[in-house]
Amino acid sequence: MAESSRRAVGRRLQLPLLCLLFQGATAILFAIFVRYNHETDATLWHSGNHSNADNEFYFRYPSFQDVHTMVFVGFGFLMVFLQRYGFSSVGFTFLLAAFALQWSTLVQGFLHSFHSGHIYVGIESMVNADFCGAAVLISLGAVLGKTGPAQLLLMALLEVVLFGINEFVLLSLLGVRDAGGSMTIHTFGAYFGLVLSRVLYRHQLEKSKHRQSSVYHSDLFAMVGTIFLWIFWPSFNSALTSLGDTQHRTALNTYYSLAASTLSTFALSAIVSGDGRLNMVHIQNAALAGGVVVGTSGEMILTPFGALAAGFLAGIVSTLGYKFFTPILESRFRVQDTCGVHNLHGMPGVLGALLGVLLAALTTHEAYGDGLDNVFPLIAEGQRSATSQAVHQVFGLCVTLMFAIVGGSLGGLLLRLPFLDSPPDSQCYEDEIYWEVPGEHEDEAQGPLSVEEPDTQA
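It should be emphasised that the depicted structure is a prediction, and the values quoted were computed from it without experimental measurement.

Asker: What exactly am I supposed to notice about the packing of aromatic side chains here?
Answerer: Given two aromatic rings, their pairing is described by the distance between the two centres and the angle made by the two planes. Scanning all chains against the criterion turns up 19 aromatic pairs. A centroid spacing of 5.9 Å and a plane angle of 35 degrees characterise the contact between F92 and W435, whose relative ring orientation is tilted. In this pair, F92 is assigned in helix 4 (residues 86-112) and W435 in the segment after helix 17 (386-415), connecting sequence segments 343 residues apart. On the accessibility criterion, F92 (4% relative accessible area) is buried. A residue is classified by how much of its surface remains accessible, and W435, at 30% relative accessible area, is partly exposed. Centre to centre, the rings of F110 and F114 are 5.3 Å apart; their planes meet at 55 degrees, and the pair counts as tilted. In this structure F110 comes out as partly exposed when scored by relative accessible area, which is 36%. One aromatic cluster is present, built from ring pairs that chain together F57, Y58, Y61 and F64.

Asker: When you look at the packing of helix 7 (residues 182-199) against helix 17 in this model, what are you seeing that I'm missing?
Answerer: Packed helices, taken two at a time, are described by the angle between their axes plus the distance between the axes. The N-to-C vectors of helix 7 and helix 17 enclose an angle of 35 degrees; their axes lie 7 Å apart at closest approach. The hand of the helix 7/helix 17 crossing is right-handed. Here the residues of the contact of helix 7 with helix 17 sort into 14 nonpolar, nine polar and no charged.

Definitions and cut-offs
- Residues numbered from 1 in each chain as written.
- Predicted model: local features only at pLDDT ≥ 70, side-chain atom pairs only at ≥ 80, totals over all residues.
- Heavy atoms only, no water.
- Phe/Tyr/Trp six-rings, centres within 6.5 Å; stacked < 30°, edge-to-face > 60°.
- Helix = DSSP H or I, 4+ residues; strand = E, 2+ residues; numbered from the N terminus.
- Buried < 20%, exposed > 50% of the residue type's maximum accessible area, 1.4 Å probe, protein only.
- Axes fitted to C-alpha atoms, helices over the stretch in contact; angles between N-to-C directions.
- Left-handed = near helix turned anticlockwise from the far one by under 90°.
- Nonpolar A, V, L, I, M, F, W, Y, C, P; charged D, E, K, R; others polar.

Shape descriptors only; they carry no functional weight alone.
The following block contains the structure:
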């Protein structure tokens, strides 16, 4: 009884205190450091000889809208497949993304756009912040249902910092090309979350196994998230590429890759099921692997055929991962991957990074012409050979995995602090712990939540 009372007090105080603390600290830092950039500030913009139509807002905002929708709608609804965790899936996605976009504006600003004592923000800052939020939500998918909201906020606090540092090292110091984030977003987010889940391993999670499955309507809502992500993924990969042919090519490559991964997913799902029926988990997730796999290479001369081939392979790998590798991760490696982020983001992210290595090594001035400067500026300027760029791409993947593994380990140790509230093993994947659920007092079929059994500490 005393343990139950302690948990109730923790739930009542920890989340509001952290929200108020983080928002207050962020607001103070914004007041001190953050300023409009030259395309947002009224005085600076009108002091130049510009047409309003030249403002970057009009070129980037449509892509930002699509990315924003993916982060807040697509990722949130993709995770509602858990039958008793829909409120938490959508709600905690909303919470983490709202915090991450503010915190990442500061972290990325200090690293990329800090001049004369200030951080200057504009439409690109908004897109970059959403990219960071996407990485945090990918990690959330690995620990969904097994962590409390206070723990998740602390996870985001740490992950945003490491994401920003990793991105700075890859893009600014190593000169790695990764416009759609196969490495910086998908690989980093997936393996950060997987290592975090390993450190938070629950020995008695079987007590909540009956809630880990889906029901008809929860899978239907999750499919809505899939469709949103599928439709807008070309904008995600092309949002920050160079305007003109590069952005056009990136969207086109992503478009074809997603289409191919969808067909390979349907084919493999029917093949591996045993009775020829489709598995909705495969369709919801593996069909999106085509977007992940061309994140690095989308802006390169992949060719439409190459985009189809990459997407087809990614769909196969992802589907096989859900069928065979996820059970092995849990049984042999003690990684409890709730949403299967290893199959959707981890393996396709690594494949996408390796595809980028191959295309970098094959780069020639003849293939790109004057457009080489937009994709591989260091090769165009003669500072690197194609082989050297490929080596740097490989090194970038290794650096990303290092940051993810070390960061996930540190995050797991942080989230294991005993005073942090987490659901007991018998109440994982259950909304009623953190939300007022309509009809909760009438639904006797779910059983009482007042009795808490001994559990492992997450």
